[in-house]
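Per-entry structural report
This is what each chain is made of:
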Amino acid sequence: MPSRPELTAPPEFFYNEEEARKYTTSSRIIEIQGKLTERALELLALPDDGVPRLLLDIGCGSGLSGETLSEKEHHWIGLDISKSMLDVALEREVDGDLLLADMGQGLTLRPGVIDGAISISAVQWLCNADKSSNEPRLRLKAFFGSLYRCLTRGARAVLQLYPENEAQLEMITASAMRSGFAGGVVVDFPHSTRAKKYFLVLTCGPPSLSSALPKAKSEDGESCSDDSDSDEENKTVSISDRRRPRKKQKVNKKGKGREWVVKKKEQMRKKGHSVPPDTKYTARKRKAHF
Amino acid sequence: MRLLTHNMLSSNIKGVTNGFPLRLQVEKSVEKEVDLNPDFLKNIFPKIEWKALVDASHALGYPELPDDAEPSMLDSHDFLKKFHHALLELHVEEGALICPETGRNFPINKGIPNMLLHEDEV
Ligand SMILES: C[S@@+](CC[C@H](N)C(=O)[O-])C[C@H]1O[C@@H](n2cnc3c(N)ncnc32)[C@H](O)[C@@H]1O
């Protein structure tokens, strides 16, 4: 990437009046942000019951992402650190409520009230240390901790972001996991430098089938990673849940373990195969025979 | 800002243990009509802090909500209409949110609460 706006100035200065207007009148940007939001909504996997939800749009800017949420009838609260961006959102009469707020200071929301959160092209800004008071690790911690708390149990957060490099992506993901989230990174169009997009897909609450990572998109429109043991190009990188005891993780490496077996069996059942029921004998360790 | 959002907001100033509800000061408000969706209302109802909603709607000059509410009331269309109106149609345009513990004032301008904290509040 030739120039990263993140390297030029803090977000509330970079997104000034001029930039906010430029940003929101570019038909190319409007299209891209709309598409990214649609994909984020898909990854959010809300129940398919037609009921509008209360969603959060983190770094909502001028409302390009929020508009896609409104199209799907959802109610949303958007927050952004740039007053100029929010002013443009007002002009465009977005349906969501807006807050002038810094996600790095933690979200100012009650626990367990939000049905899902999206963030489109914003979270990488948290890694800026452009003010002496900005300590990226602390800001990430405040952000993910408060995000985890305000979501209902089992809800998801899908954060599309532009990490500067591997290390930055790792720092962000690790911080999310430390806050209690399960999930990982989905990379769409991994083979195209231009189209490549990173989505951090996080689930709040204990890991379950629903926290299994969704599949990434590839250029030919097919999902490009099939199974946990596919090739090195596999782009759905799962990150194990931090609360799973260490010992168990080790066992899993060698012998897969019960959780894995049960999940696999469930997958096979969904595909219509006949699979024996899960019992206490499932994936039980066998004694060594001599 | 609608009362839906007010009902979810909480102050997170350093040291504050219970930042909810933020007291609402209204200087200017507007009403905007939106379609009533019973499913949304039923889904959000358990998450609403009722007393805070009643108090906030009073601050906006809307005294129609009952002091107490329970899920069975969601079957009444009359109740849904009032709940819908208070939650989604009343907007605070100018005013302030006041932290219940510290008294810190978060101004609301053009309908947008300014929740930015000073460095020593983080
Ligand atoms: C590329 S824009 C995306 C805006 C919108 N989500 C969209 O899709 O059009 C990134 C936005 O993130 C906001 N942002 C950056 N750092 C932020 C922070 N710490 N808290 C809240 N918003 C932030 C910026 O002000 C900017 O509006």
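Residues numbered from 1 in each chain as written. Chains lettered and ligands numbered in written order. Predicted model: local features only at pLDDT ≥ 70, side-chain atom pairs only at ≥ 80, totals over all residues. Heavy atoms only, no water.

Note the following rule: UniProt positions are given in the numbering used here, feature names are shortened, and annotations may be inferred rather than shown by experiment.
An unreviewed UniProt entry annotates chain B as Multifunctional methyltransferase subunit TRM112-like protein originating from Cinnamomum micranthum f. kanehirae. Looking at chain B in UniProt, the text filed under Sequence similarities (unreviewed entry) is "Belongs to the TRM112 family." Database annotation for chain B, UniProt heading Subunit (unreviewed entry): "Interacts with TRM9."

If you look chain A up in an unreviewed UniProt entry, it shows as Putative 18S rRNA guanine-N7-methyltransferase from Cinnamomum micranthum f. kanehirae. Heading Sequence similarities (unreviewed entry) of the UniProt record for chain A holds this comment: "Belongs to the class I-like SAM-binding methyltransferase superfamily. BUD23/WBSCR22 family."

**Some remarks on the overall build of chain A**
We count it as follows: Numbering of helices and strands runs from the N terminus; a helix is a DSSP stretch of H or I covering at least four residues, while a strand is a stretch of E covering at least two. Exposure is judged per residue with a 1.4 Å probe applied to protein chains only, and the accessible area is read against the type maximum: over 50% gives exposed, under 20% gives buried, and values in between give partly exposed. Here, residues are in contact when the closest pair of their heavy atoms is within 4.5 Å.
A count of helices and strands for chain A gives nine helices and eight strands. Residues counted as buried form 51% of the 290 residues belonging to chain A. Residue pairs in contact within chain A that sit at least 24 positions apart in sequence constitute 65% of those at least 6 positions apart.

**A word on the overall build of chain B**
In plain terms, the rule: The globule rule is 2.2 Å times the number of residues to the power 0.38, and the radius of gyration it is compared with is taken over C-alpha atoms. Shrake-Rupley sampling with a 1.4 Å probe provides the accessible areas, and residues are treated as covered by the protein chains on show and by no other component.
Looking only at helices and strands, chain B has four helices and four strands in total. In chain B, the order of α-helices and β-strands from amino to carboxyl end is α-β-α-α-α-β-β-β. Against the 2.2 N^0.38 benchmark of 14 Å for 122 residues, chain B shows a C-alpha radius of gyration of 15 Å, consistent with a compact globule. Expressed along its principal axes, the backbone C-alpha trace of chain B runs to roughly 50 × 30 × 20 Å. The buried share among the 122 residues of chain B stands at 49%. Of the contacts made within chain B by residues no fewer than 6 positions apart, 67% connect residues no fewer than 24 positions apart. Working note: accessible area of chain B is about 6000 Å², and carbon and sulfur atoms make up 46% of it.

**Some details on the interface of chain B and chain A**
Let me state the cut-off plainly: Here the buried area means the combined drop in accessible surface, using a 1.4 Å probe, for two parts upon being joined, counting both sides. By definition here, a salt bridge exists when the distance from a side-chain nitrogen of Lys or Arg to a carboxyl oxygen of Asp or Glu is within 4 Å. Residues adjacent in sequence count toward polar contacts only when both atoms are side-chain atoms; beyond that, a polar contact is any pair of N or O atoms within 3.5 Å, and within protein one must be able to donate a hydrogen and the other to accept it. Note on residue classes: Ala, Val, Leu, Ile, Met, Phe, Trp, Tyr, Cys and Pro are nonpolar, Asp, Glu, Lys and Arg are charged, and everything else, Gly too, is polar.
Taken together, the contact between chain B and chain A spans 29 residues of the former and 31 residues of the latter. Interface of chain B and chain A: buried area, both sides summed, is about 2500 Å²; carbon and sulfur atoms make up 58% of it. By the criterion of area lost to chain A, the three top residues of chain B are M8, K47 and I112 of chain B, representing 23% of everything that side buries. At the junction of chain B with chain A, the criterion picks out four salt bridges. Across the pair K110 of chain B and D87 of chain A runs a salt bridge, and its minimum N-O distance is 3.1 Å. Taken together, the connections running from chain B to chain A amount to 16 residue pairs in polar contact (both at pLDDT 80 or more). Of all the elements in the fold, those that place two or more residues in the side of chain B that touches chain A are α1 (3-8), α2 (38-44) and β4 (112-113) of chain B. Across the side of chain B that touches chain A, the residue classes tally to 15 nonpolar, eight polar and six charged.

**Quick word on the packing of helix α3 (residues 27-44) of chain A against helix α4 (residues 64-71) of chain A**
Residue and element names in this part refer to chain A. Quick note on the threshold: Note on geometry: axes are C-alpha line fits, over the in-contact stretch for helices, and angles between N-to-C directions span 0 to 180 degrees. For this classification, under 35 degrees means roughly parallel, over 145 means roughly antiparallel, 65 to 115 means roughly perpendicular, and everything else is oblique. Crossing handedness is read from the near helix: turned anticlockwise from the far helix by less than a right angle, it gives a left-handed crossing, and turned clockwise, a right-handed one.
Two numbers describe how α3 lies on α4: the axes approach to 8 Å, and their chain directions differ by 50 degrees. In terms of orientation, α3 and α4 fall into the oblique class. Of the two elements, α3 crosses α4, and the hand of that crossing is right-handed. On α4, the residues touching I29, I30, Q33, G34, T37, E38 and L41 of α3 are L64, S65, T68 and L69.

**Notes on the site of the ligand**
Residue and element names in this part refer to chain A. As a reminder of what qualifies: Proximity is defined per residue: any heavy atom of the residue falling within 4 Å of a molecule or strand makes that residue near it.
Around the ligand, the structure places 21 residues, and the nearest of them are Y23, Q33, G59, D80 and D102. At 3.0 Å, a backbone N or O of M103 approaches a nitrogen atom of the ligand. The separation between a nitrogen atom of the ligand and a polar main-chain atom of I120 is 3.1 Å.

**Observations concerning empty space enclosed by the protein**
All names here are of chain A. Selection criterion: Site definitions follow a grid-based scheme: protein atoms alone, a 1 Å grid, a 1.4 Å probe that fits but cannot get out for cavities, and for pockets an open set with protein on both sides within 12 Å along at least five of seven lines, plus lining residues having an atom within 4 Å of a point. Grid points are joined across faces, edges and corners, and a volume is the space filled by probe spheres set on the points.
All told, the structure shown has one cavity of 30 Å³ or more when counted by the stated rule. Considering only enclosed or pocket space, the largest cavity measures out at about 60 Å³ in volume. In terms of lining residues, the largest cavity is bounded by P10, P11, E12, I81, D102, W125, N128, D130, K131, N134 and R139. By residue class, the composition of the lining of the largest cavity is four nonpolar, two polar and five charged.

**Here's the deal with the nonpolar core**
Rules: The criterion is simple. A nonpolar core is a set of buried Ala, Val, Leu, Ile, Met, Phe, Trp, Tyr and Cys residues joined through side-chain atoms within 4.5 Å.
Counting 76 residues, the largest nonpolar core has L56, F143, F144 and L147 of chain A together with F83 and L87 of chain B as the members making the most contacts within it. Sequence-distant contacts of F143 of chain A, defined by excluding residues within four places in its chain, comprise I58, M103, G106, L107, V123, L126 and L159 of chain A. Within the second largest apolar cluster, 24 residues are counted, among which are C60, L100, V186 and L213 of chain A.

**Considering the pairing of strand β3 (residues 105-109) of chain B**
Residue and element names in this part refer to chain B. Test applied: Note: two strands are recorded as paired if DSSP finds a minimum of 2 bridges between them.
Only one face of β3 is buried, namely the one carrying F106 and I108, since none of N105, P107 and N109 on the opposite face is buried. Where strand β2 (residues 90-98) folds back onto β3 in an antiparallel hairpin, the turn is made up of six residues, including G103, whose phi is positive at roughly 75 degrees. Judged from the two bridges that link them, β3 and β4 form a sheet pairing that is antiparallel. Among the inter-strand pairings, N109 is bridged to a residue of β4, identified as I112.

**Things to note about the sheet that holds β2 of chain B**
Residue and element names in this part refer to chain B. If you trace the four strands from one edge of the open sheet to the other, you get β1-β2-β3-β4, paired in antiparallel fashion. Either end of the sheet is taken by a strand with one partner, and the two such strands are β1 (23-31) and β4. Here β2 runs beside β3; their pairing, made up of four bridges, is antiparallel. Across the sheet, G95 pairs through a bridge with I108, a residue of β3. Strands in contact with helix α4 (residues 77-89) are β1 and β2; relative to β2, the strand with the most contacts, it is inclined by about 65 degrees.

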